[in-house]
Structures are given as C-alpha cells and as structure tokens.
Amino acid sequence: RNDALRPWVHCILLSPVQVANNMMDMDQDPRKRLCFADGRRKVDYVLVYHYRKRSSVRGSPSQHRLSIISNGSYPLGVEEKDQEGRKDEPAEVVVDVGPPDPADGEKIMIREEFEGNLKDAGLEIEHDKENKAHGHAFIRLHAPWQVLSREAEFLKIKVPTKKLREEKGLAATMNEVWRKLNQPFQPKVPHQENLGNSRMSHCYFWPFCRYNIKSKDTFFDNATRSRIVSLYCFAHESALFFCLTGITTLIANGVYDSAFPLHDVSFFFFLLHDEWARYGAFYKYQPVDLIRKYFGEKIGLYFAWLGVYTQLLIPASVVGIIVFFYGWATVETNIPSQEMCDEDQNFTMCPLCDRACDYWHLSTACGTARASHLFDNPATVFFAIFMSLWAAMFLEHWKRRQISLNYSWDLTGMEEEEVHSHTYIVTLCYSLLTSVCLDSCTGHEKLTWRDRLPGYLINISSILFMFGVTCSAVFSVIIYRITISALMAMSSDPEVKSNVRVTVTATAVIINLVVILILDEIYGMVAAWLTELEIPKTETNFEERLILKAFLLKFMNAYAPIFYVAFFKGRFAGRPGDYVYVFNDYRMEECAPGGCLIELCIQLSIIMLGKQLIQNNVFEIGIPKLKKLCRTLKDKERAPKEIVEQPGRRQQWHLDYDLEPFDGLTPEYMEMIIQFGFVSLFVASFPLAPLFALLNNVIEIRLDAKKFVTELRRPDAIRAKDIGIWYNILSGLGKFSVIINAFVISFTSDFIPRLVYQYMYSETGTMHGFINHTLSYFNVSNFKPGTVPSISSLGKDITFCRYKDYREPPWSTEPYQFSKQYWSVLAARLGFVILFQNLVITMSMLVAWVIPDVPKNISEKLKKEKTLLVDVFLNEEKEKLQLIQSLFSRDLTQEQQEELKVSDQTSLPLQQTQPGQLPPTSSPAPRTRPRAASFSQFTRQMSMSPRSDITQHTAV
C-alpha cells in the first residue's frame with residue numbers, strides 16, 4: 001500500500017499547488033510539524049491557553065524551587081526529565097511575585113490538576129517555552145500505544161479481518177458496467193478499498209485486539225487517535241469543584257482558550273483539497289469515505305446527506321423546467337389571459353385607493369395575467385403532487401444510503417457516547433456547593449424540577465415573544481406597502497402611477513429579506529441562550545433542543561412573509577363601499593388582478609435567492625475572513641514589540657490556531673433545511689425553486705469543503721450513525737408540504753375556480769367568459785363620502801365598476817352578499833384539499849412501503865457475515881475440543897500403563913512381597929478432570945479410544 005501511494009505523495013508534494021491557508025511550509029518536513037520535539041511521537045491533540053508573567057530570570061530550575069511556572073508546573077529540577085532533550089540548556093524560570101489577578105492563580109491550579117490527570121491516564125505532554133511577557137502557550141498531547149490499545153478495546157473499535165467473496169453473476173456485471181460509466185465523475189482517489197469506502201464492505205470487521213499488530217505507529221489513523229485523546233479531555237473529575245468537568249467547561253471558564261486536533265498535512269489532506277475542496281471538481285462525486293476518515297463519521301454523514309439531496313434535486317429541476325416551459329408555451333392559447341388582455345371587453349375596474357386613484361381598465365394588467373399563467377396552469381398541480389412524492393422518495397433513498405454507510409463504516413452496533421453538557425455540569429456543581437441533592441434510590445447527584453422550572457418558563461415566554469417580533473416585522477412591512485402605494489398613487493407623474501405595484505412589491509420584498517437576515521442572527525443567539533436555561537443533561541439533548549428552537553424561530557422568520565402573501569393578503573380587504581382600513585386612513589392591500597400567486601412567486605424567489613446568495617455564500621466566505629483579520633490585528637496589538645517571531649519557524653499548531661474554530665454542523669444543516677422548505681412547501685407557486693436550489697448546492701458543497709479544509713480548525717472526529725433530529729424535521733416538512741401545497745392550489749391559485757366554471761357554469765364547456773364570471777358589479781353611487789375619485793379620466797358617465805369577487809349585484813334582493821358561485825367554489829376548494837391530502841399521503845406511504853429500508857446487497861452481506869460469525873465460533877469450539885480431547889487421550893494412556901504395572905505386580909508369588917505389605921486388591925479408580933468452559937454448549941461421551949468422535953455441537 002505504501003509503495004502504491006508513494007508516487008502520489010511525491011507528485012502532490014512537488015506540485016506548485018498552494019493551499020489557501022498556507023497550511024504547509026515547504027522548508028520543513030511535514031511529518032516533523034506534527035510531532036513532538038523528538039520527531040517521533042505524534043501530536044494527537046493541542047490545548048491552548050493565554051499566559052501573562054511578571055518577570056523572569058535565567059538560571060537553573062533548582063535555584064527556584066518555590067517559584068511557579070506560568071504554565072502551571074512546579075520546577076522540580078531532577079525529578080522531571082526534559083523530554084525534548086534540552087537538559088544542558090539554561091532554563092528560563094519565570095518568577096511570579098503574585099498573579100496580577102487572583103483568578104489567574106486559580107486557573108493555574110486548575111490546569112495543573114487537569115494536566116496531572118491526563119498524565120495519570122497515560123498521556124504524554126509537551127509544553128511550550130514561555131519566552132514572551134504574555135501570549136499563547138501550546139500544550140501538545142500524545143497517546144502512546146498502551147493508551148490507544150486500551151481505549152480501542154474499551155470502545156470496541158472494529159478492524160477488517162477477513163475479506164468476503166466478491167459478487168458474481170449478472171448483478172456483478174451490471175455493477176461493473178455502471179462503475180465504468182461513472183468513472184469520469186468519480187474522484188481520483190487511489191486504492192479506495194484502503195481508505196474505508198464501500199468496497200470495505202466486502203471485509204468482515206472484528207473487535208480490535210492488541211496482539212499480533214505489526215505496525216503500531218500507523219495502525220490507528222490520526223482521526224482515531226485524536227478521538228481517543230479527546231475522550232480523556234472531555235471528562236475528568238475535579239477535586240477543586242467536587243464534580244465532573246471537562247475541557248468544554250474549562251474553555252468556558254477561561255482556563256484554556258481552545259482545544260483541537262491538528263490538520264494532517266499529508267497525502268490525505270492534499271487529496272481532499274484537490275479532489276473535493278476545489279470548484280473545478282463540481283461535477284464529481286464526493287469522496288465521502290475519505291471525508292469520514294479525515295473528519296469523522298458525523299461530518300461524513302452530513303456531506304453524504306448533502307450529496308444525496310443535491311443529486312435528487314436533478315430530476316426535480318428537470319420536471320420544474322418542463323412545467324415552466326409548458327406554461328410559457330401555452331400562454332398564447334390561454335383563454336383567461338386573452339380575455340384580460342382584450343381591450344374590446346372594456347372591464348372598468350373600481351379604484352385601488354380612495355380619492356387619489358382613478359377607475360382603470362382591466363386590460364392594463366395584461367402583463368401580470370400572462371406572467372401568472374407561467375406558474376398558475378394545470379401542470380402546476382401535477383408538479384405539486386410530484387414534489388410531494390419526491391420528498392418521500394428522498395427520505396427513503398437517504399434512509400437506504402444511511403444504512404449502507406453504517407454497514408461500510410461499521411456503525412451498525414455503535415452505542416451513543418453520552419457526554420454531560422457544560423450547562424448541566426455548572427448547574428450541578430453549583431447545586432452541590434450549596435445544597436447537595438441526592439437521589440434516594442441511586443445515590444447520584446441530580447437536578448430537581450425547581451432547578452429547571454425557571455428555564456422552562458423563560459423559554460416559553462421568550463419563544464412567544466420572538467414569534468410576536470416576527471409578526472410585528474411582517475405587519476410593519478404591510479404598513480410600508482400600504483402607505484407607499486397611497487403616496488405613489490397621489491403622484492402627478494404618470495410613470496410613477498403606472499409602476500406602483502411593481503415598485504412597492506420589489507422594495508417590500510427586499511426589506512423583508514434584510515429583516516430576515518438580521519433576525520436570523522439574533523434568533524440563533526437567542527436559541528442558544530434559551531437552551532442553556534433548560535439545563536439539558538447531555539450534549540445530545542443540548543444539541544437537539546438547540547436545533548429545535550433555532551428551527552422554529554428561523555422557520556417562522558423565513559416563511560412568515562410568504563404565508564401572509566399566500567393565505568392572508570386580500571382576504572380581509574373588504575369590498576368597494578365597505579373596505580377595511582388600517583389606522584382609519586389606509587385601506588388594506590389587495591391582490592393583483594392576476595391573483596396573489598404571481599406575488600407569492602416573486603416573494604418566494606427573491607427571499608430564496610437572496611438568502612442563499614447573501615447568507616449562505618457571502619456570509620460564509622466574508623465573515624470567517626473578517627474574524628480572522630480582527631483576531632490577527634488583536635494579537636499584533638497585544639504582542640510585545642521587542643519580540644518578533646520568525647514566521648518560518650511557526651509550527652503546525654500555530655497555523656491551525658490562526659484558523660477559525662469549528663462551531664458545529666447546526667448552521668450547515670439549518671440553511672439546507674430552510675432551503676428544503678422553499679423547495680417543497682410552496683413549490684406549486686414557483687416550479688423553478690428546485691433548479692435554483694440545485695445550482696446553489698453545487699456551489700455550496702465545494703464552498704463548505706474549502707471551508708472545512710482551509711478555513712477551519714480540524715474538528716474532533718465524532719462517531720454518529722445518523723443525522724439525528726434533522727431527519728425528523730425533514731419528515732415533518734415533507735408531510736407539512738402536502739397540506740401547504742393543497743391550500744396554495746385551492747385558495748391562492750385560480751385552478752379550482754376555473755374547474756368550477758368550466759364544468760358547472762360554462763354554456764359551451766370552455767373557459768370563454770371566465771373573467772366576466774369572476775368579476776362582480778358595484779354601483780359607484782354607493783361609495784362612502786370622500787372615497788370617490790377626485791379626478792376621473794374615463795368620464796363622468798360611469799355607473800358601475802367591477803371588482804374581483806363572487807358577490808350579488810346591486811340590483812339583487814341581497815346586494816353585495818356572497819353569491820351561490822362563492823359557496824360552490826368554496827366547497828370545491830375544501831373538497832380538493834381533502835382529496836389532495838389523502839391521495840398524496842397515501843401515495844407517499846405506498847412509496848415508503850415499496851422501497852425497502854435495507855438495500856438487498858446489504859441484507860445479503862449481513863447474512864454472509866452471520867454465517868461467517870458462526871463458522872468462526874465453531875472453529876474456536878473445534879480447536880478447544882481438540883485440545884480437551886488430546887488431554888484426555890494422554891491421561892487415558894497413562895492410566896492404561898499404570899493398570900499394566902499393577903496387573904504385573906499382582907501376578908507375582910505371594911512370598912515375594914515385603915513383610916507387612918498387603919497386595920493390592922483392586923485397580924485404582926480413574927481420575928476425573930474438570931471440564932473446560934467453552935463459548936457454546938456441547939455434549940461429550942467418554943470413550944477409551946482417542947480416535948473416536950466425542951464431539952456433538954449444538955446450534956450457535
């Protein structure tokens with residue numbers, strides 16, 4: 001394997017490719033940059049803290065036995081050996097006359113205790129020399145083979161032991177053909193079977209055993225080594241706090257600044273950069289197995305999920321483009337659009353505002369009507385049904401993919417590692433210091449409901465308040481739209497009057513977008529604060545509650561303006577002569593003549609594209625670089641001017657510390673989940689949403705890859721067998737999208753009114769006369785005083801104006817009341833909602849039932865593994881039985897020889913016996929041996945012949 005990888009490493013190291021964050025210094029051997037000063041022991045983990053010292057003198061450490069070095073260790077002279085081999089150098093001893101802050105002395109003692117516990121656990125530690133007045137000190141941790149092997153056995157880490165037989169037959173041939181067709185899209189990763197990809201599924205995994213290991217230095221990869229070391233850092237018992245603390249609590253309390261594993265600037269790092277973290281590789285599949293090997297299973301599952309989601313957006317985008325082009329091709333033959341654009345129809349419409357607005361002709365809204373048909377056509381209903389089934393297929397496909405990855409990554413029998421959250425530890429320690437709460441049954445410390453009740457009350461009230469803030473923001477934009485529309489309608493410029501609706505809609509959506517981006521950042525911080533108040537017990541509970549709160553707040557923030565346009569705009573505006581007013585002066589806004597669907601499309605497209613472009617891409621690129629620049633400037637200001645560090649001697653831990661810390665996968669998942677909502681919830685109003693999501697995700701994958709490889713510190717390798725609560729959120733969104741699309745088609749679009757008119761009220765069975773059917777009459781003499789247009793360009797002989805609604809005419813016995821057509825359309829809308837929901841949910845359940853959760857090849861391999869496992873156990877039993885049989889055979893042979901000797905002695909004459917000695921009267925009883933324990937039960941029949949079959953196995 002090493003011989004095969006050597007040419008690749010040689011080519012990559014000699015290539016002029018420069019990584020963006022300058023991770024590697026060509027003047028220094030990259031292997032030494034990841035090791036202790038001796039160049040042999042690997043740096044598995046790094047701890048960083050900020051120190052400050054008062055004065056320093058040079059001399060021998062033995063001359064200053066009472067001084068405390070600022071990194072927390074006591075200079076004991078000959079008692080501690082210098083592991084870096086600098087015994088003869090004059091040591092710089094830092095004498096602290098007294099820490100400038102009493103908290104610094106406490107932090108020193110905590111660091112001493114923490115590092116002492118790490119040493120007691122078997123880890124090896126290397127410190128930096130503090131050669132400046134103040135700065136950052138780096139502590140390198142190394143796990144020797146004894147610690148790694150012990151923890152590997154305790155964690156039940158499995159390694160491949162035996163290769164299973166490859167598939168043969170037609171399935172193998174088809175797989176080989178498909179592999180060759182996909183070859184141009186595969187990343188150039190050599191020897192993928194050695195990197196842990198799906199081909200490793202042909203190997204049988206067995207729990208790690210420390211014996212018969214040939215290469216101990218390279219047996220565990222860096223991700224596994226750092227994960228084992230991090231387990232020691234994340235939990236240890238503190239004698240100062242009388243409770244369980246860890247590195248997370250110490251970082252939160254300022255004892256340490258950060259803790260992270262180092263980037264492995266080796267072959268795998270450059271392979272990830274070239275085959276994954278480049279925009280030029282956008283058309284290739286992701287090397288998810290290499291990602292998992294470098295970053296761990298949790299991050300590997302995220303990028304695998306993102307790849308599956310992006311891949312399945314391709315068919316959805318194709319169908320959306322077909323639906324859009326269908327609307328574009330049929331716009332010329334659409335009868336309602338032709339009637340709206342026909343000037344001969346001469347529909348005189350009622351004014352859009354009081355006093356300042358004039359009567360207007362419906363033909364002036366021809367452009368809006370034609371644009372509405374692009375998205376409001378019969379194909380939209382089919383697309384809504386298709387996307388609902390697509391969401392179900394996506395979840396089922398990911399479930400199968402996740403099971404395949406669990407099998408190939410050996411996560412099937414993994415147990416979740418429960419780690420206490422920082423908030424729970426701090427609260428528990430405070431409770432223990434004030435009043436100890438012990439469980440009467442178990443005797444363990446716990447938090448009572450009195451400790452959690454204030455947090456729950458604050459959570460509920462704060463979330464309701466945030467919902468109120470979101471609704472207030474939406475209402476403020478509504479007021480803006482109403483007032484700007486009225487002001488522009490009063491303008492004397494005809495250009496301004498003609499563009500009132502377009503200008504107001506565009507500016508209002510942009511304001512909505514800015515408000516959404518600002519509130520998103522605020523809600524993220526609020527969700528974290530509220531989660532800490534709940535005091536979750538474990539990190540898993542903390543993460544799930546944080547995700548749920550952040551999702552609820554950001555979902556409400558992103559979709560509140562869209563929900564308003566889809567279901568509330570124009571519903572409460574009233575009618576001519578009886579309008580609803582805001583602040584007694586401004587009328588509630590109405591939908592465009594072509595319907596609210598076109599405005600919903602504009603709202604959705606601008607918010608979706610703007611959110612993806614600004615928040616997901618610009619913020620992800622700009623904010624980390626801005627933070628890095630601010631941190632660099634801050635460090636330069638704090639650094640003493642007399643000491644200039646040579647940049648050529650900066651080690652890998654210095655370079656990694658300059659990178660942005662990893663904040664978790666929650667922001668990455670959140671932006672994709674919100675996008676999934678845009679794609680699935682209101683897709684009936686914007687069929688091109690999957691296409692824009694696909695284009696965004698193609699860039700997003702490479703952007704995230706570049707960020708993980710070159711902009712962020714290497715995160716801890718965390719094992720996970722699924723994507724957690726995100727799957728439940730996706731499933732909920734998929735079911736919720738069925739309801740939303742049903743209501744959008746029924747109440748927002750004109751699909752149901754067209755069907756009702758065509759099959760109930762049309763005399764010819766066509767759509768001719770539909771526009772006249774949807775417009776009601778209003779007698780202009782019934783306007784309230786002060787609301788009649790002051791100046792009318794259409795003349796003074798207007799008696800009736802039209803407005804879009806189903807109401808009785810003024811000459812009816814019940815003028816302006818809802819007509820029979822209104823109730824017919826409403827009944828048809830509600831019936832369609834019920835029919836659509838039940839049909840789509842039934843089809844989704846059928847899709848989920850037809851598609852099995854476990855792929856067929858995985859189930860077959862699991863059966864083979866069970867068979868192999870039984871064979872292994874039976875072979876072990878056979879070896880044990882053979883050993884027992886050989887022992888019994890040897891004992892039986894010795895007993896036969898003793899019986900022969902006894903028989904010879906009894907055949908001698910009686911006079912040859914010694915005086916006083918009695919001859920043996922019977923042969924001695926055969927000795928019995930204890931039966932050896934074995935793994936499975938078996939029966940054994942005693943036999944005098946060693947060759948007889950004495951074993952009988954039972955089923956394992």
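As the structure is a computational prediction, the values presented were derived from the model and not from experiment. (Residues numbered from 1 in each chain as written. Predicted model: local features only at pLDDT ≥ 70, side-chain atom pairs only at ≥ 80, totals over all residues. Heavy atoms only, no water.)

Undergrad: Now, about the overall build of the chain: what can you tell me, with residues and values included?
TA: Secondary structure summary: the chain contains 26 helices and 20 strands in total. Counting across all 956 residues of the chain, residues that qualify as buried make up 46%. Here the contacts in the chain between residues at least 6 apart in sequence split such that 80% fall between residues at least 24 apart. Carbon and sulfur atoms provide 59% of the accessible area of the chain, an area that totals close to 50100 Å². (Helix = DSSP H or I, 4+ residues; strand = E, 2+ residues; numbered from the N terminus. Buried < 20%, exposed > 50% of the residue type's maximum accessible area, 1.4 Å probe, protein only. Contact = heavy atoms within 4.5 Å. Areas by Shrake-Rupley, 256 points an atom, 1.4 Å probe, with all protein chains shown as cover.)

Undergrad: I'd like a description of the packing of helix α12 (residues 378–408) against helix α22 (residues 725–748), backed by residues and values.
TA: Contact pair α12 / α22: the axes reach a minimum separation of 10 Å and the direction vectors enclose 170°. The angle between α12 and α22 places the two elements in the roughly antiparallel class. Contact residues: Val381, Ala384, Ser388, Ala391, Phe394, Leu395, Trp398 and Lys399 in α12; Tyr727, Leu730, Ser731, Gly734, Val738, Asn741 and Ile745 in α22. Of the residues contributing to the contact of α12 with α22, the split by class is ten nonpolar, four polar and one charged. (Axes fitted to C-alpha atoms, helices over the stretch in contact; angles between N-to-C directions. Parallel < 35°, antiparallel > 145°, perpendicular 65-115°, else oblique. Nonpolar A, V, L, I, M, F, W, Y, C, P; charged D, E, K, R; others polar.)

Undergrad: A description of the confidence of the model for the chain should follow, citing residues and the corresponding values.
TA: Residues of the chain with pLDDT of at least 70 account for 73%, and the chain-wide mean is 75. At the level of individual helices and strands, the chain shows its lowest average pLDDT in strand β20 (residues 951–953), which scores 36, and its highest in helix α9 (residues 297–329), which scores 93. In this model residues 640–648 is a low-confidence stretch, pLDDT under 50, and it forms seven contacts with partners more than four residues away in sequence or in other chains. (pLDDT = per-residue confidence, 0-100.)

Undergrad: Summarise the side chain of Thr330; cite the residues concerned and give the values.
TA: In this fold, Thr330 is placed in the loop between α9 and α10 (335–341). Of the residues examined, Thr330 reaches a relative accessible area of 17% and is grouped as buried. One polar contact links Thr330 to His373, side chain to side chain, over a distance of 2.9 Å. (Polar contact = N/O pair within 3.5 Å; in protein donor to acceptor, adjacent residues only side chain to side chain.)

Undergrad: Lay out the packing of aromatic side chains with the relevant residues and their values.
TA: Two descriptors summarise a pair of aromatic rings, namely the distance from one centre to the other and the angle between the planes of the rings. Within the structure shown, the criterion is met by 50 aromatic pairs. Where Tyr302 meets Phe303, the ring centres are 4.9 Å apart and the plane angle is 70°; that geometry is what we call edge-to-face. Between the aromatic rings of Phe686 and Phe692, the centroid separation amounts to 5.9 Å while the plane-to-plane angle is 15°, which identifies the pairing as stacked. What makes Phe692 partly exposed here is its relative accessible area of 27%. The ring of Tyr49 carries Arg111 above its face, with NZ or CZ at 4.1 Å from the centroid. A cation sits over an aromatic face here: Arg802 above Tyr777, 3.8 Å from the ring centre. (Phe/Tyr/Trp six-rings, centres within 6.5 Å; stacked < 30°, edge-to-face > 60°. Lys NZ or Arg CZ within 6 Å of the ring centre and 35° of its normal.)

Undergrad: An account of the state of the cysteines is needed here, citing residue identities and associated values.
TA: Throughout the structure, instances matching the rule amount to four disulfides. Cys353 shares a disulfide with Cys357; S-S distance 1.6 Å. The sign of the 100° torsion about the S-S bond sets the Cys353-Cys357 disulfide as right-handed. Each member of the pair, Cys353 as well as Cys357, carries the same accessibility label: buried. (Disulfide = S-S within 2.5 Å.)

Undergrad: Hey, could you go over the environment of Glu151 for me, with residue numbers and the actual values?
TA: Among the structural elements, Glu151 can be located in helix α3 (residues 145–154). What Glu151 contacts, discounting residues up to four positions off in sequence, is Ile228 and Tyr232.

Undergrad: A description of a nonpolar patch on the surface should follow, citing residues and the corresponding values.
TA: On the surface, Ile510, Val514, Ile518, Ile522 and Met525 cluster together into a nonpolar patch covering about 460 Å² of accessible area. By the element assignment, Ile510 lies in helix α16 (residues 500–534). Given the relative accessible area of 46%, Ile510 is considered partly exposed. (Patch = residues over 30% accessible without salt bridge, like charges linked within 9 Å, V, L, I, M, F, W, Y side chains within 5 Å. Salt bridge = Lys/Arg side-chain N within 4 Å of Asp/Glu carboxyl O.)

Undergrad: Quick rundown of the nonpolar core? Include the residues and the values.
TA: Ranked by size, the top nonpolar core spans 139 residues in total, and within it Trp305, Tyr309, Trp390, Tyr559 and Phe682 carry the most contacts. The dominant element in this core, judged by the number of residues it contributes, is helix α17 (residues 539–568), at 16 residues. Listed in part, the 28 residues of the second largest apolar core include Tyr45, Ile125, Trp145 and Val229. (Core = buried A, V, L, I, M, F, W, Y, C linked by side-chain atoms within 4.5 Å.)

Undergrad: I'd like a description of the side chain of Arg802, backed by residues and values.
TA: Relative to the helices and strands, Arg802 resides in strand β18 (residues 800–804). Buried within the structure, Arg802 lacks any salt-bridge partner; its nearest side chain of opposite charge belongs to Glu339, at an N-O separation of 10 Å. Of the polar contacts made by the side chain of Arg802, one reaches the side chain of Asn772; its length is 2.9 Å. Those residues in contact with Arg802 that sit more than four places away from it in its chain are Phe347, Thr348, Met349, Cys350, Asn772, Leu775, Ser776 and Tyr777. (Lys, Arg positive; Asp, Glu negative; His and termini not counted.)

Undergrad: Tell me what's going on with unusual backbone geometry, and back it up with residues and numbers.
TA: Where the residue is not glycine, phi is negative for most of them; where a peptide bond is considered, it is trans in most cases. Unusually for a residue other than glycine, Tyr816 sits at a positive phi of about 65°. For Tyr816, a relative accessible area of 7% gives the class buried.

Undergrad: So what's going on with helix α20 (residues 666–680)? Which residues, and what values?
TA: Spanning 15 residues, α20 covers 21 Å between terminal C-alpha atoms, matching the ideal 21 Å at 1.5 Å per step. Counted residue by residue, α20 has 14 buried out of 15 residues, so it is predominantly covered. (Expected span 1.5 Å × (residues − 1).)

Undergrad: Residues and numbers for the pattern of salt bridges, please.
TA: On inspection of all chains with the given rule, the structure shows 26 salt bridges. Its salt-bridge partner being Asp38, residue Arg40 comes within 3.6 Å of it at the nearest N-O pair. Arg40 sits in the exposed class, given a relative accessible area of 63%. Taking the relative accessible area as the measure of exposure, Asp38 reaches 26% and is therefore partly exposed. Notably, a salt bridge pairs Asp805 with Arg807, separated by 2.9 Å at the nearest N-O pair.

Undergrad: Can you break down the environment of Ala384 residue by residue, with the values?
TA: Topologically, Ala384 is positioned in helix α12. Under the relative-accessibility criterion, Ala384 is labelled buried at 0%. Here the alpha-carbon distance between Ala384 and Gly320, two residues 64 residues apart in the chain, equals 9.9 Å. If we skip the residues at most four places from it in the chain, Ala384 touches Ala684, Asn741, Ile745 and Phe836.

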